[in-house]
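Structural description and commentary
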Amino acid sequence: MAWGGPLLLVFFASPVRADDAVLLNTDAIIADGTTATEVEILWPGLTPGAPISAKARRVAVRNISIPGPGIVRLEVVPRRIETPEEVEVSIQVKGPSGGIEKVRVSLVPGDP
């Protein structure tokens, strides 16, 4: 088998469009119920001032902003978990130019 064969196949077979939202910080987030973590998402075409909201199951989302073109910044505070898991964060731009994008973030348990 050639080097990177299966990995490259998965990469090139993934359906990613140029305007898809992409999670920029890929480190796992501590889910202890109190720790707040800033998350940045690249969403090409998004402009500052656009009305935006975000939500996630079992995660409090707060302080959402668009600090620059194509960048969404938000703070997340996951509920306490016992085992690592992934959670989907849904971001919605409201209004006529609206759209919805989803990214997955990894959660890890905090220290007991």
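Residues numbered from 1 in each chain as written. Predicted model: local features only at pLDDT ≥ 70, side-chain atom pairs only at ≥ 80, totals over all residues. Heavy atoms only, no water.

Some points on the environment of Val-103
- Positionally, Val-103 belongs in strand β8 (residues 99–109).
- Spatially, the C-alpha atoms of Val-103 and Ile-91 are 8.3 Å apart, while their sequence positions differ by 12 residues.
- Once you skip the residues sitting within four places of it in the chain, Val-103 turns out to touch Ala-21, Val-22, Leu-23, Ile-41, Val-87, Glu-88 and Val-89. (Helix = DSSP H or I, 4+ residues; strand = E, 2+ residues; numbered from the N terminus. Contact = heavy atoms within 4.5 Å.)

Topic: the pairing of strand β5 (residues 59–68)
- Pairing of β5 with strand β6 (residues 71–78) involves six bridges; the strand directions are antiparallel. Within β6, the residue paired with Gly-68 across the bridge is Ile-71.
- Count of turn residues in the β5/β6 antiparallel hairpin: two residues, of which Gly-70 carries a positive phi of about 75°. (Pairing = 2+ DSSP bridges.)

Considerations on the confidence of the model for the chain
- For the chain, the average pLDDT comes to 83, and 80% of its residues sit at 70 or higher.
- A low-confidence stretch, residues 1–18 stays under pLDDT 50, and its non-local contacts, those more than four residues away or across chains, total four contacts. (pLDDT = per-residue confidence, 0-100.)

Let's talk about the side chain of Glu-101
- Mapped onto the fold, Glu-101 is located in strand β8.
- Classification of Glu-101 as buried rests on a relative accessible area of 12%. (Buried < 20%, exposed > 50% of the residue type's maximum accessible area, 1.4 Å probe, protein only.)

With respect to the nonpolar core
- By size, the foremost hydrophobic cluster in this structure holds 25 residues, and its most contacted members are Ile-41, Leu-46 and Leu-107.
- Looking at this core, the element that brings in the most residues is strand β7 (residues 85–93), giving four residues.
- If near-sequence neighbours (up to four positions away) are discounted, Leu-46 is found in contact with Ile-52, Ile-66, Pro-69, Gly-70, Val-72 and Val-93. (Core = buried A, V, L, I, M, F, W, Y, C linked by side-chain atoms within 4.5 Å.)

Some thoughts on a nonpolar patch on the surface
- Together, Val-22, Leu-24 and Leu-42 make up an exposed nonpolar region whose accessible area comes to about 210 Å².
- Relative to the elements of secondary structure, Leu-42 occurs in strand β3 (residues 37–42). (Patch = residues over 30% accessible without salt bridge, like charges linked within 9 Å, V, L, I, M, F, W, Y side chains within 5 Å. Areas by Shrake-Rupley, 256 points an atom, 1.4 Å probe, with all protein chains shown as cover. Salt bridge = Lys/Arg side-chain N within 4 Å of Asp/Glu carboxyl O.)

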